[in-house]
Amino acid sequence: MLAPDTDLLSPAHLRRIEDLSLLARVVVDGAMPGIHRSLKQGRGSEFFQYRPYESGEDLKLVDWKVFAKREELVTKTYQEDTNFNLLFVLDTSASMGFSGEFSPVSKLKYASMLAACFAYLAYRQGDRVGLFAYSDSVQNWIRPSSGSAHFGKITSALSNLKPAGKNNHEACWDQLVANLPGKTMVVFLADFLEAEEVLPERLRFALSSKYEALCLQILDREEQELPKGDALRFVEMEGDREISTSPANIRRDYQLKMEEFQSRLSENLSVVSAEFESFFTDQDLGFALRRFIGIRNQNLR
Amino acid sequence: MIEFGHPAALWTGLAIGFPILAHMAYRRITEKYSFSSIRFIVPSQIPRSGRRTPTDKLLLLLRIILFVAITILLADPFWINPTKPTEPQESPEVVLAIDLSPSMGGWGGLVEAKEIATRILDESSDIFGLLTFGDGSSQEWHIGTEVSELKKEIANLKHGWRRGNAQTIIERIRSLFSANVSRKQLIVFSDMQKGDWQSVDFSSLVGNLEVEFYQVGVPDDPEGRGDNRSLVETKVVPAGPGKVRVWTIARNWSGRKREEQLELVVGGEVEANQTVVLPPSGSSQVQFILPTSEISQATIRFSEPDSLPLDDQRTVWLKAPPPKLFGFWSNSVEDESTKMERNFLKVAVESAGDNGWNRWEESTENADGVRLGQNEQKLELLLIIGMGAWFETEKLGENLSNFLDSGGIAIMTPGEIFGETASILRDSSWFDFSFVRVAGGASFNRNPFRIASLGDRSRLSSLFSGNASRDLYLTSIRKFGILKDLDESIEVPIRDREGRPLALLREYESEGRLIFFPFRMNNFWSDLPLRTSFLPLLMELVRREDSRDKTWPVLEPGSSFVDSDETFVAEKPGVYRFGGKWLEVVFPPAESVVETLEKNDFPDVSGDSLSANTISSRDLNNESNNRESLWLWFAILVAILLTGEMLYSRPKSLTQGNQIYS
């Protein structure tokens, strides 16, 4: 487990914050100040801040109401839109509700935290943010847009996501790809279990210069290492199959298969130029945020 | 010393226990665990918990003890208190006396008696005989009968229907024992119902006889046998045109109020239901109105049977019983006053019936039959009005005497010439008197007579007792013959206030009765006095001492009904047809009584006839006094062991701290 940058980035602490917009602000502004690129100020539609008037500036920018009250010349700055779409695709199937014995949060909760932080970063950078949540069908689809109200809408939608149903990656992704807006970075937040074959096919759009796909696999530590215990009867969360086994006996074999699965998934994704990263729910959010910022900035260059 | 009520259970317990024990000792512990994907999970050999650690041997030991305890529990363990060894005694002759009265059919009394009697036969090497009693008759199996045969006979015993009579065993028991045997023992199995036992005379039991009582069919419940309720009386009466009313009285024997539902079953189907609230130890009346139909019988019953189901239902006939017949003799050419008198008496007798089916009906045919000398008539009451010369002319004296000798009742009124009537009565030796004169002559006397007070011994005193008698007017009468010099054999049931006879009565050995009113009825003035006084007077004079209403005969099992030359003996409750009669046989009401003798009552019952050492009133609990059941203790032990086993063997928790996985 990687050492956390600060306790503020630990999911065990952050899980107590129910409001995801607040959580995102705490993480981004509190724990990782300066991580995001400075905002591009200009003639956007969203008011950003006041600053002292400097001689030579266009007098249209002066806020005369403030001058009338305080006899001080200040100019309004606006947040300039980047014309860049960021779309979060969240798997909300029942398996995303899994939370191992030692895990602070479920996979879906962790994915929602990450998405909220990413969304906040994007919002602060003037990007347009959208959300596509699905399980057996599309659960929530918010088209990319900008502004604080929209950011609130995104975080509210993330808060209300509940794990249920059996995932239907192919149908939902087909629906998503058919409706992608131009110049979009699609961030997949899912466990991708049993999706290594179907996912690359659906991500062929990432080969286009207009799109970029970032696949963030969220796993629980027990999914990698199996839970402890001499004998357990495993019951499938997205089905009714059951297998009684001894985790101790099959652990090694299981881990090898998981590693093999992940490497195959990574390989398949690289074929379609999709970035792949794997996270565990007990990992702090700092690593994921830095990784996200890196890819985002790289895209802007 | 520990013994078992069902030792065979030890084998079955062990047979079941070992496989279960083995199963539990090696059972797989697989905790259910929800997992996101079981794609890479494969089944594997699961470690057997029974072999994991040495501490599990303790668990195995715990389980062994648990199953041994369960096995012993199933075998009904009890502790026998060691008793002092008794002196070897000569094998006695033992008579098992089993009560078969109907009340033994309730509260499992007979079943319990059979069980104990069989057990005694199994466990003892004495010489046994068997006597059944209580159902009106007794059956005997001599002492020395094979035990197997006795057991078979006991198993086949059924309760009787006749009212119990415990005196039978007292009368029969001596003759069953051998003359020279030194020890005689009588073991009585009975519910000790008070009605059967409280009047039993034990005097003939005095002597060398050990008597042992087993009281059976008495629940341990504080209420005892009080849960019984019964239908004590049920009748059918007409209820207007085309309808009959079936009413019954339901009795509650318990000390608490009960709400019960009664069903009326007609033609095999429940025709009506009624809920009745029965007061504590009281009765309530329930009525059903039914349209008359072709169906001839109905059953009223409680919808839910109780511990004594035998008295929970009554079956009745819906058919009307035959009426009582009366008829007239008079001159073939009736004058006006005779017609009037005839009409008056006809109305009076017809209205004398009750609201039920106890009714009077005029039968001219039967009256004429008697007049012609035919003895096979069913006439009960013959009214001879205006007796005069025509009576002699037709020579009816002999026919009337035959009628009276066959149990008939006749009423006579004088003719227009009182002297003629008096001479006929004297000549026929029916009544011997002389008369002074006829009051009022031939004219109508409109002054009502007031009757004299009736003596205590008068047959009418009970009828007219109380305040009403003071205001009693006989009627407005006419041609009142004032009689004197009455023969001593003549009964004068009523006189006027001046002591003059108003009626003469003569009884016959055949229960026949001849009544002479020395006046003629006058209903011109008003019929009101007739109703209030004369009608009851008339019917009281006509009523037989043993008269019962004319509803269908109701019998108890054991009683008989004689019709012509044939006899019907009632065996079992129900409705029966016998000749032209429709009979009802009812459950003996005394058998519904729930009171039984208490243990302390036995010496009272026996009085001084039995000394204390000859009666050992012992019940089922006596045996359990010597043996103390260990069932409860083993049940507690099993519960403790089971709890320990469950706590000890629960799957190893995968929890850490306060966190619980999945």
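Residues numbered from 1 in each chain as written. Chains lettered and ligands numbered in written order. Predicted model: local features only at pLDDT ≥ 70, side-chain atom pairs only at ≥ 80, totals over all residues.

### Some words on the overall build of chain A
In terms of regular secondary structure, chain A is built from 10 helices and 11 strands. For chain A, with 301 residues in total, the buried portion stands at 43%. (Helix = DSSP H or I, 4+ residues; strand = E, 2+ residues; numbered from the N terminus. Buried ≥ 20, exposed ≤ 12 C-beta atoms within 10 Å, placed from the backbone.)

### A few points about the overall build of chain B
A tally of regular secondary structure across chain B gives 15 helices and 32 strands. In chain B, which comprises 662 residues, the proportion classed as buried is 33%. Sequence-distant contacts, at least 24 apart, represent 75% of the contacts inside chain B between residues at least 6 apart. (Contact = placed C-beta atoms within 7 Å.)

### Description of the pairing of strand E7 (residues 184–190) of chain B
All names here are of chain B. Counted residue by residue, E7 has 7 buried out of 7 residues, so it is predominantly covered. Burial of E7 is two-sided: the residues Lys184, Leu186, Val188 and Ser190 facing one way and the residues Gln185, Ile187 and Phe189 facing the other way are all buried. Sheet topology places strand E4 (residues 93–99) next to E7; 6 bridges connect them, and they run parallel. Residue Val94 lies in a different strand from E7, and its bridge partner there is Gln185. Strand direction decides the pairing type here: E7 and strand E8 (residues 210–215), joined by 6 bridges, are parallel. Note that in E8 the partner of Phe189 across the bridge is Tyr214. (Pairing = 2+ DSSP bridges.)

### What to know about the sheet that holds strand E9 (residues 232–236) of chain A
Where strands meet in a sheet, backbone hydrogen bonds hold them as pairs that are either parallel or antiparallel. The 3 strands lie next to each other as E10(A)-E9(A)-E2(B), forming an open sheet whose pairing is mixed. In the strand order of this sheet, the two ends are held by strand E10 (242–245) of chain A together with strand E2 (31–35) of chain B, each with one partner. With direction set aside, neighbouring strand axes in the sheet form an average angle of 25°. As defined by bridge partners, E9 of chain A adjoins E10 of chain A across 4 bridges and the pair is classed as antiparallel. Bridged to Arg233 of chain A within E10 of chain A is Ser244 of chain A. (Axes fitted to C-alpha atoms, helices over the stretch in contact; angles between N-to-C directions.)

### Considerations on the sheet that holds strand E23 (residues 501–507) of chain B
Residue and element names in this part refer to chain B. Taken together, 7 strands build an open sheet; the order of strands is E17-E16-E18-E19-E24-E23-E22 and the sheet is mixed. On the outer flanks of this sheet lie strand E17 (360–362) and strand E22 (491–495), each paired with one strand and no other. The mean angle between the axes of side-by-side strands here comes to 20°, regardless of whether they run parallel or antiparallel. By the bridge criterion, 3 bridges tie E22 to E23 in an arrangement that is antiparallel. Paired with Glu491 across the bridge in E23 is Leu505.

### Comments concerning helix H8 (residues 364–371) of chain B
All names here are of chain B. Among the residues making up H8, those that are buried are Asn366, Ala367, Val370 and Arg371. What you see down the axis of H8 is that its buried residues fit within an arc of 145°, all on one side. Opposite the buried face of H8, at more than 90 degrees from it, the exposed residues are Thr364 and Glu365. Among the structural elements, strand E16 (324–329), strand E18 (379–387) and helix H10 (397–405) are those in contact with the buried residues of H8. (Arc of directions from axis to C-beta.)

### As for the interface of chain B and chain A
Counting from both sides, the interface comprises 25 residues of chain B and, opposite them, 30 residues of chain A. Residue composition of the side of chain B that touches chain A, grouped by class: 12 nonpolar, 9 polar and 4 charged. Of the pairings in the sheet, the one linking E9 of chain A to E2 of chain B comprises 5 bridges and is parallel in character. The residue of E2 of chain B that forms the bridge with Leu232 of chain A is Glu31 of chain B. (Nonpolar A, V, L, I, M, F, W, Y, C, P; charged D, E, K, R; others polar.)

### A word on the packing of helix H4 (residues 107–124) of chain A against helix H5 (residues 148–159) of chain A
All names here are of chain A. One way to put it is that H4 packs onto H5 with a least axis distance of 10 Å and a crossing angle of 175°. One way to sum up the angle between H4 and H5 is to call them roughly antiparallel. Contact with H4, carried on its side by Ser112, Ala115, Ala116, Ala119, Tyr120 and Tyr123, involves Phe151, Ile154, Thr155 and Leu158 of H5 and no other residues of that element. (Parallel < 35°, antiparallel > 145°, perpendicular 65-115°, else oblique.)

### Things to note about the environment of Arg162 of chain B
In this structure, Arg162 of chain B sits in the loop between helix H4 (147–156) and helix H5 (167–176). Along the sequence, Arg162 of chain B and Gly134 of chain B sit 28 residues apart, while their C-alpha atoms lie 7.8 Å from each other.

### Here's the deal with the confidence of the model for chain B
All names here are of chain B. Of the residues in chain B, 79% reach a pLDDT of 70 or more, and the chain-wide mean stands at 78. Overall, residues 603–624 carries pLDDT values under 50, and its contacts beyond four positions in sequence, including any with other chains, amount to 33 contacts. In the model, residues 653–662 has pLDDT below 50 throughout and makes 15 contacts with residues more than four positions away in sequence or in other chains. (pLDDT = per-residue confidence, 0-100.)

### Considerations on the packing of helix H3 (residues 109–123) of chain B against H4 of chain B
In a pair of packed helices, the angle between the axes and the distance between the axes together describe the arrangement. Residues and elements named next belong to chain B. Where H3 meets H4, the axes come as close as 10 Å, and the angle between the chain directions of the two elements is 175°. Judged by the angle between their axes, H3 and H4 are roughly antiparallel. The segment H3 lies against H4, with Lys114, Ala117, Thr118 and Leu121 engaging Val147, Leu150, Lys151, Ile154 and Ala155. Tallied by class, the residues present in the contact of H3 with H4 amount to 6 nonpolar, 1 polar and 2 charged.

### Things to note about unusual backbone geometry
Residue and element names in this part refer to chain A. A positive phi angle, close to 55°, is found at Phe192, a residue other than glycine. Within the secondary structure, Phe192 sits in the loop between strand E7 (184–190) and helix H7 (198–202). Of the residues examined, Phe192 has 24 C-beta atoms within 10 Å and is grouped as buried.

### Points about helix H6 (residues 169–178) of chain A
Residues and elements named next belong to chain A. Looking only at H6, the buried set comprises His169, Cys172 and Trp173. Seen along its axis, H6 keeps its buried residues to an arc of 95°; they face one direction. Buried positions along H6 lie against strand E5 (128–134), strand E6 (138–145) and H7.

### Brief notes about the confidence of the model for chain A
Residues and elements named next belong to chain A. Put simply, chain A has an average pLDDT of 81, and 87% of its residues get 70 or more. Of all secondary-structure elements in chain A, the lowest mean pLDDT belongs to strand E1 (residues 41–42), at 57, while E5 reaches the highest, 91. In this model, residues 1–5 is a region of pLDDT below 50 whose contacts with residues beyond four sequence positions or in other chains number 11 contacts.

### Concerning the environment of Glu212 of chain B
Mapped onto the fold, Glu212 of chain B is located in strand E8. Taking the C-alpha atoms as reference, Glu212 of chain B lies 4.7 Å from Ile187 of chain B; in sequence the two are 25 residues apart.

### Some points on the nonpolar core
Judged by nonpolar contacts, the single largest core of 67 residues is most densely connected at Phe88, Leu114, Cys117, Ala119, Val187 and Leu189 of chain A. The biggest single contributor to this core is H4 of chain A, with 14 residues. Residues Val370, Leu383, Leu425 and Met521 of chain B belong to the second largest nonpolar core, which totals 47 residues. (Core = buried A, V, L, I, M, F, W, Y, C linked by C-beta atoms within 7 Å.)

### Some words on the environment of Arg371 of chain B
Residue and element names in this part refer to chain B. Here Arg371 shows up in helix H8. We classify Arg371 as buried; it has 20 C-beta atoms within 10 Å. Expressed as a C-alpha distance, the spacing of Arg371 and Gly397, which sit 26 residues apart in the sequence, is 9.6 Å. Excluding residues within four positions of it along the chain, Arg371 makes contact with Trp329, Leu396 and Asn399.

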